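Breakdown of the fold
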Amino acid sequence: MSTVSTKTKKKNGSPNEQKLQQLNTPSDVERQVSLPARQDAVSNGEGAEIQYKTHTGVLMLAENVSLGVLALPQALAILGIIPGLLCICLLGVIATYTGWLIGELKLTFPQVQSFPDCGEHIAGRVGRDVMALGSVLILIFISGAHVLTFAVAMNALTDHGTCSIVFAVIGLIICLVLGLLRTYKNISKLSIVSCASIIIAVFIAMIGIGITKPDAGHILAVRPGVPFVKGLGPVLNIILAYTGHVAFISFQAELADPRDFKMALFFEQGIVITFYMMISAVIYYYAGPLVTSPALGSASRVVTKVAFGFAIPTIIIAGVVNGSVACKYIYIRWWKGTNVVHQKTLKSLGSWYGICVVFWVVAWVLAESIPNFNLLLGLIAALFGSWFSYALPMVMWFYQHKGSWLKNKRMVMWSALNAFLFCIGVAIFVLGMYASGTELHNGSGGKVFSCANNWSPVSAAFGQDE
């Protein structure tokens, strides 16, 4: 149907004027974005006490640039600098593409607020529940990793000043208190601090390593003879660095204009890929083959403590961002069809606080159950990152374009590409779970609920402690 009304056609008799009018008229996608607020669970309804809509682009940086970056320099040491950098770049480009697919689906179906909503569109109630379970689980795992890393950082800063469980409980309390904020508008302000925190921490470590040069220049283009399971570990850590996709739809839903998501995505991914490749190559070059994970441990003892001190805000805030996405989904689904989410009543606040408490306690239990930094990150990447960042966006594309897969040569090429990338995601899951399962079977997970010092940076020399 033409977007130019009959009245406009009569007024603008010139074909050029009619074409200009068409260009200035909202497209079908733009009109869908502007659908009534009743289709948007977090819409800033008139008179609502809680206003959710905001500009959340910075949240995407806080989501991606966090713990994953600390394992990347060692990934280069294990794989070799050439395959390591290629993996960081290629997996980052694929993650950018899949993020773009997610944004396109959201514009097509503006009522979608999360991955579970996508699942409901694709496979009904079963799809919704499966996606909901997966979304909440990945965010619990990631939040648990942040609690674990807080305990690791405190042990590094205090030379194991007290029981590691105590440090984990302190991290749990801090994350819970900050996570009680109900809108991303408030959390996005903290995210600016988070981004600056990890960047400063990594640069401090990088400069310190560059000055002391522990083993400068002893790098390998390609490392030969890497065992299969050992080689999968660093690849999974790279994948973990690009697992922010599970929160992308929620972030886009709270953008003042959802069409801004693509610009925010390309800006964020461009910074992330460049940053990852630069710090990984520099730290590996100066630290040599014994570079540790977390990478901050490759510096001198004093520099390591300073770097961890600056990293604390990221360890806390990035965890809070992930936790907030999960709690927000549960909260909105619980009160779906009501106006409770926009209120400040005892019912709305009590349910929100209860959800947050249960979520963070479960995350803490998980952190104590797998108290190994590298192994926990790899498990998250294999179990969840393979799907949310690499496989499921392809399923969403096929659903969005059903009936047109073989329409013409161009669509055939896109279909073949997305089918190939879907297979890559499934392969990451299968191989990654095999590698993680093998490591757990070999006892690499560490002692559960232990007071022992969990700050013991492991070098890339196939598991040898420093």
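Here's what I pulled together on the structure shown here. (Residues numbered from 1 in each chain as written. Predicted model: local features only at pLDDT ≥ 70, side-chain atom pairs only at ≥ 80, totals over all residues. Heavy atoms only, no water.)

Brief notes about a nonpolar patch on the surface
Let me state the cut-off plainly: Residues qualify for a patch when their relative accessible area is over 30% and they have no salt bridge, like charges being joined within 9 Å and the nonpolar side chains of Val, Leu, Ile, Met, Phe, Trp and Tyr within 5 Å. Only the protein chains shown count as covering a residue, and every accessible area follows the Shrake-Rupley method with a 1.4 Å probe. By definition here, a salt bridge exists when the distance from a side-chain nitrogen of Lys or Arg to a carboxyl oxygen of Asp or Glu is within 4 Å. Strands are runs of DSSP state E lasting at least 2 residues, helices are runs of H or I lasting at least 4, and numbering of each runs from the N terminus.
Taken together, Ile199, Phe203, Ile207, Ile211 and Met278 make up a surface patch of nonpolar side chains, about 440 Å² in accessible area. Sorting elements by how many residues they give to the nonpolar patch places helix 9 (residues 184-212) first, with four residues. If you trace the backbone, Phe203 turns up in helix 9.

Brief notes about the packing of aromatic side chains
Basically, it comes down to this: The aromatic pairing rule takes the rings of Phe, Tyr and Trp, using the six-membered ring of Trp, and pairs them if the centres are within 6.5 Å, calling planes under 30 degrees apart stacked, those over 60 edge-to-face and the rest tilted. For every residue, the accessible area obtained with a 1.4 Å probe (protein chains only) is divided by the maximum for its type, and the residue is called buried under 20%, exposed over 50%, and partly exposed between those limits.
Under the definition given, this model contains 18 aromatic pairs. Measuring from ring centre to ring centre gives 6.2 Å for Phe228 and Tyr434, while their planes differ by 45°; the resulting arrangement is tilted. Residue Phe228 is found in helix 10 (residues 228-240), and its partner Tyr434 is found in helix 16 (residues 409-441); the two are separated by 206 residues along the sequence. Here the aromatic rings of Tyr285 and Tyr286 are separated by 5.0 Å at their centres, their planes lie at 90°, and the arrangement is edge-to-face. Judged by relative accessible area, Tyr285 falls into the partly exposed class, the value being 37%. A relative accessible area of 26% places Tyr286 in the partly exposed class. Here the aromatic residues Tyr97, Trp100 and Trp414 are joined through ring pairs into a cluster of three or more.

Let's talk about the pattern of salt bridges
For the structure shown, the criterion picks out six salt bridges. Of the charged contacts in the structure, one is a salt bridge between Asp159 and Arg301, with a shortest N-O distance of 2.8 Å. One end of the pair, Asp159, is in the loop between helix 7 (115-158) and helix 8 (164-179); the other, Arg301, is in helix 13 (residues 301-334), and 142 residues separate them in sequence. The class of Asp159 is partly exposed, set by a relative accessible area of 41%. You can call Arg301 exposed: its relative accessible area is 57%. Residues Lys305 and Asp159 are paired through a salt bridge, measuring 2.9 Å at the closest nitrogen-oxygen approach. Taken together, the positions of Lys305 in helix 13 and Asp159 in the loop between helix 7 and helix 8 put the pair 146 residues apart, joining distant regions of the chain. Through salt bridges with shared partners, one network takes in Arg128, Asp129 and Arg333.

Quick look at the side chain of Ser450
Formally: Between two residues, a contact is recorded if the distance between any of their heavy atoms is within 4.5 Å.
As for its placement among the helices and strands, Ser450 is situated in the loop between helix 16 and strand 2 (458-459). The contact partners of Ser450, leaving out residues within four places of it in the chain, are Ser164, Ile165 and Glu368.

Some words on the nonpolar core
Rule in force here: Note on terminology: a nonpolar core comprises buried Ala, Val, Leu, Ile, Met, Phe, Trp, Tyr and Cys residues joined through side-chain atoms within 4.5 Å.
Core analysis: the largest hydrophobic core is formed by 130 residues, its most contacted members being Tyr242 and Tyr276. The element best represented in this core is helix 7, accounting for 19 residues.

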